[in-house]
Amino acid sequence: MALVLALCALSGYSFANADTLIGINFANFPDDAFRQVIADYYDSNEDGYLNEAEIAAITTIPLTAYAEFEIETLKGIENFTSLKSLYAGDLGIEDASDLEGLTSLQTLVINGNNLTSLDISGNTALKTLKCMANSNLTTLTLNTAIEDLQCDNCSIAAMNLSACTNLKKLICHNNELTELNLLTNINLVELNCAANHLASLDLSGNSLLREVTTNYMVGDQTVSASATFVGKDLYIPYNNVIYNKLMNSNIPNPDPDADEEELYTGYDNNVKAFKFTEYELLETGIIYEYDVSAGDSEYMSVHVSVDKNFYRVTYSTAQNGMLIDYNYVNSGGSSTAPDLPEMPDGAVCGSWSGATTNVTEDRDLYPVWNSQHQYALTSFANHIASGTCTCCGMGAVARFDDCINAVSGDANYYLMLDANLDGVINARDLSILLNKN
């Protein structure tokens, strides 16, 4: 008998008068803080065990009020089959899997913890779930009885609410949702799904939300898209909206005679893309308002941030001068430059102020004029130099003997003959040129 009692003590279980006892020990409650709460508040006879009556009496656990330290795991709570309410906010809980078998649980408040996933599909009686501010929570699996769901300020990317037909309150703002289907949630009376990544939203089946939905409740959505170009037209392919639900956007109407009140979104339904010519919109992004089909309620605002793999090269008459032309170039590509404007008096050649090849950033180019050709030496033989202008490509031939003692600025000064680049053509330059050739 002594051996049997010893083994029972080690395993955490003991039997007396056919009553099952659960030892309040590390084996059954491995988290120190959670075990202390059970010992302090639920072991009514203070014998170190929970008997059947004590377990049956555990219907509410306000852990938030009782726990003196953080709790990582709720292991052991699975034994409390009569539990109806659990308040466990802001305790540092990392794992809530031991709650999954509690079929009597009706209210669960577990916000502000460190959960990465939460599955309440087995909690068939659960009607209220508050799990907001679990910033690492990415996966949420729901039951069909849920009526009040508050899961805002998490990292949830998807939620299947199709079977949650009893849902009345949904607060899910500040998540990572890209879709939200609420067509079967006809009992919904309160909604806040703002600050997700929804391109569209259909509330036509939620009659109780008609006339009360505001942009604060559904707007401030952020979506990413990639831009392309054809000639000077810019496109953002975007096929996840219903064309006639787009109400307005920040794309200006190209028709100067258009009525200011006229609906214009810049969306081309034929190609399923926003189309415009204002390059600056790629940086600021597209902002549009979408009709969520909730009667006369406010529209949903959506901001489309744009990425691209091309750049604009502009050509102007001078630095900060009038625009001559521009074109778009894929990253690493080359721009086709227009003809230089008319050469000013006293100039012999000109070039654009920067390279038009290997374009990896926006470039603003303008003409740079020269008072002299800048010839680069291509050959030197018999005291005769041949060269090509680095600006305009014009060729030249110069006899060294005709240029001796010429200084920079003289008509017979050629940079290609000034081998030591001291501004004067002399015998030292000749020696250098002869040694090179």
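No experiment lies behind these values; they were computed from the predicted model shown.

1. As for the overall build of the protein chain
Helices and strands together make up the secondary structure of the protein chain, namely eight helices and 28 strands. Relative to the globule expectation of 22 Å for 437 residues, the C-alpha radius of gyration of the protein chain, 38 Å, shows a markedly less compact shape. Overall size of the protein chain, expressed as C-alpha extent along the three principal axes, is 125 × 65 × 30 Å. Considering only intrachain contacts with a sequence separation of at least 6, the fraction spanning at least 24 residues in the protein chain is 37%.

2. Re the pattern of salt bridges
Overall, the coordinates contain five salt bridges when judged by the stated rule. In this structure, the salt-bridge partner of Asp325 is Lys232, at a minimum N-O distance of 3.3 Å. One end of the pair, Asp325, is in strand β22 (residues 323-330); the other, Lys232, is in the loop between β14 (228-230) and β15 (233-237), and 93 residues separate them in sequence. Since its relative accessible area comes to 27%, Asp325 is described here as partly exposed. Ionic pairing is found between Glu280 and Arg312, a salt bridge with its closest N-O pair at 3.6 Å. Of this pair, Glu280 sits in the loop between β18 (273-276) and α6 (281-284) while Arg312 sits in strand β21 (residues 310-316); the two residues are 32 residues apart in sequence, bridging distant segments of the chain. The class of Glu280 is partly exposed, set by a relative accessible area of 47%.

3. Re the sheet that holds strand β10 (residues 148-150)
Judged by pairing direction, the sheet is parallel, and its seven strands sit side by side in the order β4-β5-β6-β8-β10-β11-β12 without closing on themselves. Strand pairing shows two members of the sheet lacking a second neighbour, β4 (60-62) and β12 (190-192), which therefore form its edges. With direction set aside, neighbouring strand axes in the sheet form an average angle of 5°. As paired elements, strand β8 (residues 128-130) and β10 share three bridges and run parallel to each other. Each residue of the ladder has a partner; that of Lys130, found in β10, is Gln150.

4. Overview of unusual backbone geometry
Notably, Asp220 is not glycine yet its phi reads approximately 60°, a positive angle. Here Asp220 shows up in the loop between α5 (215-218) and β13 (221-226). Of the residues examined, Asp220 reaches a relative accessible area of 51% and is grouped as exposed. Despite not being glycine, Asn405 has its phi angle at roughly 70°, a positive value. Within the secondary structure, Asn405 sits in the loop between α7 (400-403) and α8 (427-436).

5. Describing the side chain of Ser293
For Ser293, the position within the fold is in the loop between β19 (286-290) and β20 (300-307). Filtering out sequence-adjacent residues up to four positions away, Ser293 remains in contact with Asp202, Leu203, Ser204, Arg210 and Lys245.

6. Notes on the pairing of β21
Taken across its seven residues, β21 has six buried, putting it largely inside the fold. Pairing geometry for β21 and β22, over seven bridges, is antiparallel. Bridge pairing in β22 links Phe310 to Asn330. Turn length for the β21-β22 hairpin, with the two strands adjacent in sequence and antiparallel, is six residues, and the turn residue Asn320 shows positive phi of about 60°. Strand direction decides the pairing type here: β21 and strand β24 (residues 363-365), joined by three bridges, are parallel. Bridge pairing in β24 links Tyr315 to Leu365.

7. Brief notes about the confidence of the model for the protein chain
Summary statistics for the protein chain give a mean pLDDT of 92 and a share of 95% for residues scoring 70 or more. Of the regions scoring below 50 in pLDDT, residues 1-18 engages in 21 contacts with residues more than four places distant in sequence or in other chains.

8. Concerning the packing of aromatic side chains
Tallying each qualifying case throughout the model produces 16 aromatic pairs. Lying over the aromatic face of Tyr326, Lys232 brings its terminal NZ or CZ to 4.8 Å of the ring centre.

9. Quick word on the environment of Asp152
Within the secondary structure, Asp152 sits in the loop between β10 and β11 (169-171). Among the residues examined, Asp152 registers a relative accessible area of 9% and is labelled buried. Separated by 179 residues in sequence, Asp152 and Ser331 place their C-alpha atoms 40 Å apart. Apart from the residues within four sequence positions on either side, Asp152 is in contact with Met132, Ala133, Ile171, Cys172, His173, Asn174 and Asn175.

How each quantity is defined
Residues numbered from 1 in each chain as written. Predicted model: local features only at pLDDT ≥ 70, side-chain atom pairs only at ≥ 80, totals over all residues. Heavy atoms only, no water. Helix = DSSP H or I, 4+ residues; strand = E, 2+ residues; numbered from the N terminus. Rg over C-alpha atoms; globule rule 2.2 N^0.38 Å. Contact = heavy atoms within 4.5 Å. Salt bridge = Lys/Arg side-chain N within 4 Å of Asp/Glu carboxyl O. Buried < 20%, exposed > 50% of the residue type's maximum accessible area, 1.4 Å probe, protein only. Pairing = 2+ DSSP bridges. Axes fitted to C-alpha atoms, helices over the stretch in contact; angles between N-to-C directions. pLDDT = per-residue confidence, 0-100. Phe/Tyr/Trp six-rings, centres within 6.5 Å; stacked < 30°, edge-to-face > 60°. Lys NZ or Arg CZ within 6 Å of the ring centre and 35° of its normal.

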